[in-house]
Amino acid sequence: MFAYYLELAVRSLKRSRALTALMIAAVALGIGTSMVTLTVLHVVSGDPLPERSGSIYLPRIDPRDDSTASASTAMPVQVTWLDGNNLLRAGRARQQALMLGGQVAIEPDAGNIEPFIATARYTSMGFFDLFDVPFLRGAGWSAADDEARARVAVISSALEERLFHGDNAVGRTVRVGGVPLRVIGVLAPWRPVPHFYDLYMGHFAGGEDVYLPLSTARAALLPRGGGIECWGKGSTTENLMETAECTWLQFWVRLDSASDVAAYGRFLDGYVHEQFSAGRFRRNRPAELTGLMAYLDERHVVPGDLHLQVWLAFGFLLVCLANTVGLMLAKFMRRGMEIGVRRALGASRGSVFAQMLTEAGIIGLAGGLLGLVLALAGLALVRTRPDHYAQLARLDLSMLATTFVLSITATLLAGLFPAWRASRLPPGLQLKSQ
């Protein structure tokens, strides 16, 4: 029966090509606009670690004095060198990492490649396991390497391609900021979105090119980047940063269960109390543990105007569907004679209703196809914008499926009233009027 309805629907649409084109265009415009904004929102508000985000936490303690912060001031999201290393050495979490971002000069050995600036992450050995970073070959460094300030590095596959033209870089040397480092691992492409572990380097910054031990980077005084907050006699003098009253490093931990979270929270409170009793902390302010997704919400990572744009786009889709309802109603009601004949030959109201909805579904499918083309064109325009997240605006498989589901569902809903009205036409009156 569906094949019969489909045949009737196609014939009907062909009979009024201009009206059909108008309806498809109206649906396509609404779908295309909606999918552009929805795709951008989907990309920037996604879960950066889908398999693990629920167990990743940001420990937060407040070593600041009263001149910088009060009890109501938001807790710092970074730690001092001393606190970070104390928490790291305590080893109370299943996995943990202390880190800092920076930009370094890469000096290739190949004479035909000019030195260039690359992004770097200085971190402790747990970084790769903590965030489940995929390796293409080799592995990360050990705790002993951290202690020994070993001159080792893990590089991205993109940097391997640029420096060694795709040859295996493991075991070879790369000069970073004038420091020769032995490559011990190469990462597979990895770019969590947003760049949650260090938002100070950019909410949607790409993955780093070079990863090396934090101790090695500090010993070599490699350039650091990101945010810093100082108080009291805190200074940003580079060779005094390890003792400065400044928060400038990120510290993340993995806690798999509620009991782990509670235990780590007690440990943090105990640490704060210990530092307060020793006179280092000015206040005995309770520590906090912020989950990854809650942290992203708190930092307002998703641009506020994106939500407004999505609502406006769906408002435009509703306007387009309202126009489609009007066009469908006009089209279906003009077919009173055809419907009257079908009803006189025994077709039920349900059959007429199903036939009209089939026609609406075809319009929705065609509108979805054209809307997909418009969405791809719109996303290409978005990628020309200077916003940091613009380059991420690409349609993935889930959004591709959403395009067609949304288009067909919306058009079927828009076709309900015209189809119902058409199925209620009295056949006798229609036949007599003709």
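The paragraphs below set out a description of the structure included in this document. On a predicted model such as this, the values are computed, not experimentally measured, just so you know.

With that settled, consider the overall build of the chain. For the chain, the helix and strand inventory stands at 14 helices and twelve strands. Computed over C-alpha atoms, the radius of gyration of the chain comes to 31 Å, more than 25% over the 22 Å expected from 2.2 N^0.38 for 434 residues, which places it beyond the range of a compact globule. When burial is assessed residue by residue, the chain has 48% of its 434 residues classed as buried. For the chain, the share of sequence-separated contacts (at least 6 apart) that also reach a separation of at least 24 residues comes to 75%. Working note: accessible area of the chain is about 19,900 Å², and carbon and sulfur atoms make up 59% of it. Positive and negative side-chain charges in the chain, numbering 41 and 37 respectively, have mean positions lying 14 Å apart.

Turning our eyes to something else, we now look at the state of the cysteines. Cysteine pairs can be covalently joined through their sulfur atoms, and such a bond is termed a disulfide. Taken as a whole, this structure holds one disulfide when the rule is applied. Across a sulfur-sulfur distance of 2.0 Å, Cys230 and Cys246 are joined as a disulfide pair. Handedness here is read from the sign of the S-S torsion; for Cys230 and Cys246, about 105 degrees, the answer is right-handed. Placement of Cys230 in strand 9 (residues 229-230) and of Cys246 in strand 10 (residues 246-247) is noted, with a sequence separation of 16 residues between them. Judged by relative accessible area, which is 28%, Cys230 ranks as partly exposed. Residue class for Cys246 comes out buried when judged on its relative accessible area of 0%.

Here we come to the packing of helix 2 (residues 17-44) against helix 13 (residues 397-423). Two elements in contact, helix 2 and helix 13, have axes whose closest approach is 10 Å; the angle formed by their N-to-C orientations is 145 degrees. In the crossing of helix 2 with helix 13, the sense of the turn from one axis to the other is right-handed. Contacts between helix 2 and helix 13 involve Val27, Ile31, Met35, Leu38, Thr39 and His42 on the former and, on the latter, Ser398, Met399, Thr402, Thr403, Leu406, Ser407 and Thr411. Considering only residue class, the contact of helix 2 with helix 13 consists of six nonpolar, seven polar and no charged.

Before going further, it helps to spend a moment on the nonpolar core. Of all hydrophobic cores here, the largest spans 65 residues; its most connected members are Phe127, Phe128, Phe131, Phe196, Tyr197, Tyr211 and Trp252. For this core, the leading source of residues is helix 2, giving ten residues. Excluding residues that lie within four positions of it along the chain, Phe196 makes contacts with Pro48, Leu49, Phe131, Trp252, Leu292, Tyr295 and Leu296. Formed by 48 residues, the second largest nonpolar core is a distinct cluster that contains Val79, Trp81, Ala120 and Leu159.

What counts, and where the lines are drawn
- Residues numbered from 1 in each chain as written.
- Predicted model: local features only at pLDDT ≥ 70, side-chain atom pairs only at ≥ 80, totals over all residues.
- Heavy atoms only, no water.
- Helix = DSSP H or I, 4+ residues; strand = E, 2+ residues; numbered from the N terminus.
- Rg over C-alpha atoms; globule rule 2.2 N^0.38 Å.
- Buried < 20%, exposed > 50% of the residue type's maximum accessible area, 1.4 Å probe, protein only.
- Contact = heavy atoms within 4.5 Å.
- Areas by Shrake-Rupley, 256 points an atom, 1.4 Å probe, with all protein chains shown as cover.
- Lys, Arg positive; Asp, Glu negative; His and termini not counted.
- Charge placed at Lys NZ, Arg CZ, Asp CG, Glu CD.
- Disulfide = S-S within 2.5 Å.
- Axes fitted to C-alpha atoms, helices over the stretch in contact; angles between N-to-C directions.
- Left-handed = near helix turned anticlockwise from the far one by under 90°.
- Nonpolar A, V, L, I, M, F, W, Y, C, P; charged D, E, K, R; others polar.
- Core = buried A, V, L, I, M, F, W, Y, C linked by side-chain atoms within 4.5 Å.

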